[in-house]
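The lines below spell out each chain.
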Amino acid sequence: MSTLQVKNLTKTFGGLTANSDITMDVAPNSITAVIGPNGAGKTTFFNMITGVYQPTSGDIILNDKSIARLKPHEVSKRGIARTFQNIRLFGDVTVLENVMVGMHNHLKVGLVGTLLGLPNVRRQEKEAKKEAYRLLEYVGLEAFYNELASNLSYGAQRRLEIARALATKPSLLLLDEPAAGMNPRETRELTALINRIRHELDVTIVLIEHDMKLVMEISDHIVVLDHGEKIAEGKADDIRNHPKVIEAYLGKGAATL
Ligand SMILES: Nc1ncnc2c1ncn2[C@@H]1O[C@H](COP(=O)(O)OP(=O)(O)OP(=O)(O)O)[C@@H](O)[C@H]1O
């Protein structure tokens, strides 16, 4: 059984078809990359999976249930988390608090309890803090727990976004250009982190990425979009040598990637 099944997914904006009849399966506990030139429709694809955009037609099935018409918070409750191409952190609160925001769905405290400072509320907050700190340790940011998020380096902010996404306890994690703006050392650390998340936390991962070294190294399966259409899919070797992919995206040096 696939974790995610995308069936004939199409999204049009007025006269523009951003995704055209896309079908793909994501196997449990796998890493799938969605690649393609700028404007190919990759982010639109993520936006449909996460409920930001309603598909024009087609279906999205998570663990055998359709999620195609759900709102973003409902999709999140079903176990999908994401990070964004343009980092979206709360810059003026601490690194730890940014992770705690991700736990919102799982905390059972109500507004009244919070206002009255009831003991079980205080206990839950303490536990949430501990869990947030553990997640910071997991991504290697615990030393910065009390810093403002905006003081972190770019690469560290991207890891913090991943920690915040993990705080929702997802079964499927969507990463939108996680290596963008990272130097080679940061990219190597990110590659290791993504692999650990898959193996240790049993999370299935779909990522959009332009760093082909990372994509070829990490992906079990690669899907290539161009002008909103799926032009190829397969393993790294199939994609490197695929004439349509070389023409539309990778260029002639691709065999060495
Ligand atoms: N809300 C929208 N309204 C109108 N057009 C949109 C909207 N969102 C995306 N598009 C268009 O859909 C097409 C696909 O865009 P999308 O952002 O999905 O591509 P992408 O592959 O993620 O590109 P990049 O690699 O540059 O992020 C583009 O032509 C874009 O202008």
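A quick note: this is a predicted structure, and the numbers were derived from the prediction, not measured.

## Re the domain arrangement of the protein
Inference 1: Each assigned domain of the protein is listed here: domain 1 (1–79 + 170–257) and domain 2 (88–168).
Inference 2: If you average the C-alpha positions of domain 1 and of domain 2, the two centres end up 27 Å apart.
Inference 3: Taken together, the contact pairs 19 residues of domain 1 with 12 residues of domain 2.
Inference 4: Summing the contributions of domain 1 and of domain 2, the shared interface buries around 1300 Å²; its carbon and sulfur component is 63%.
Inference 5: Joining domain 1 to domain 2, the criterion identifies one salt bridge.
Inference 6: Taking the shortest distance from any N to any O, the salt bridge between Arg159 and Glu189 comes out at 3.7 Å.
Inference 7: Applying the counting rule to domain 1 against domain 2 returns four residue pairs in polar contact (both at pLDDT 80 or more).
Inference 8: Of all the secondary-structure elements, those providing two or more residues to the side of domain 1 that touches domain 2 are helix 2 (72–77), strand 7 (172–176) and helix 7 (184–201).

## Thoughts on unusual backbone geometry
Inference 1: The phi dihedral of Asp21 is positive, around 55 degrees, even though this residue is not glycine.
Inference 2: Within the element layout of this structure, Asp21 appears in strand 2 (residues 16–26).
Inference 3: Here Asn63, not a glycine, exhibits a phi torsion of approximately 45 degrees, which is positive.
Inference 4: Looking at the element boundaries, Asn63 is found in the loop between strand 4 (57–62) and strand 5 (65–66).

## Comments concerning the nonpolar core
Side chains of nonpolar character tend, in soluble globular proteins, to be buried together.
Inference 1: Ranked by size, the top nonpolar core spans 50 residues in total, and within it Leu160, Leu173, Ile197, Ile205, Leu207, Ile222 and Ile239 carry the most contacts.
Inference 2: Taken domain by domain, this core gets at least three of its residues from each of domain 1 (1–79 + 170–257) and domain 2 (88–168).
Inference 3: Among residues more than four places away in sequence, those in contact with Ile239 are Ile35, Met216, Ile222, Val224, Ala232, Glu233, Gly234, Val245 and Leu250.

## Observations concerning the site of the ligand
Inference 1: Close to the ligand lie 15 residues, the nearest being Gly39, Gly41, Lys42, Thr43 and Thr44.
Inference 2: One of the side-chain N or O atoms of Tyr53 is found 3.0 Å from a nitrogen atom in the ligand.
Inference 3: At 3.3 Å, a side-chain N or O of His210 approaches an oxygen atom of the ligand.
Inference 4: Protein coverage of the free-state accessible area of the ligand, which is 640 Å², stands at 64%.
Inference 5: Mapped by element, the contributors of at least two residues to the shell around the ligand are strand 2 and helix 1 (42–49).
Inference 6: Counting residues per element, the shell around the ligand draws most heavily on helix 1, at three residues.
Inference 7: Looking at side-chain class alone, the shell around the ligand contains six nonpolar, seven polar and two charged residues.

## A look at the sheet that holds strand 3 (residues 31–35)
Inference 1: Across the sheet, six strands lie side by side as 6-7-8-3-9-10; this open sheet has mixed pairing. Edge strands, defined here as strands with exactly one partner in the open sheet, are strand 6 (80–82) and strand 10 (229–234). If you compare each strand with its neighbour and ignore which way they point, the axes differ by 20 degrees on average.
Inference 2: Bridging between strand 7 and strand 8 (residues 204–208) involves five bridges; their strand directions are parallel. Paired with Leu173 across the two strands is Ile205, which belongs to strand 8.
Inference 3: Strands in contact with helix 10 (residues 243–250) are strand 3, strand 9 (221–226) and strand 10; relative to strand 10, the strand with the most contacts, it is inclined by about 120 degrees.

Calculation rules
- Residues numbered from 1 in each chain as written.
- Predicted model: local features only at pLDDT ≥ 70, side-chain atom pairs only at ≥ 80, totals over all residues.
- Heavy atoms only, no water.
- Domains from an automatic or database assignment.
- Contact = heavy atoms within 4.5 Å.
- Buried area = accessible area lost by both parts, 1.4 Å probe.
- Salt bridge = Lys/Arg side-chain N within 4 Å of Asp/Glu carboxyl O.
- Polar contact = N/O pair within 3.5 Å; in protein donor to acceptor, adjacent residues only side chain to side chain.
- Helix = DSSP H or I, 4+ residues; strand = E, 2+ residues; numbered from the N terminus.
- Core = buried A, V, L, I, M, F, W, Y, C linked by side-chain atoms within 4.5 Å.
- Buried < 20%, exposed > 50% of the residue type's maximum accessible area, 1.4 Å probe, protein only.
- Near = heavy atom within 4 Å.
- Areas by Shrake-Rupley, 256 points an atom, 1.4 Å probe, with all protein chains shown as cover.
- Nonpolar A, V, L, I, M, F, W, Y, C, P; charged D, E, K, R; others polar.
- Pairing = 2+ DSSP bridges.
- Axes fitted to C-alpha atoms, helices over the stretch in contact; angles between N-to-C directions.

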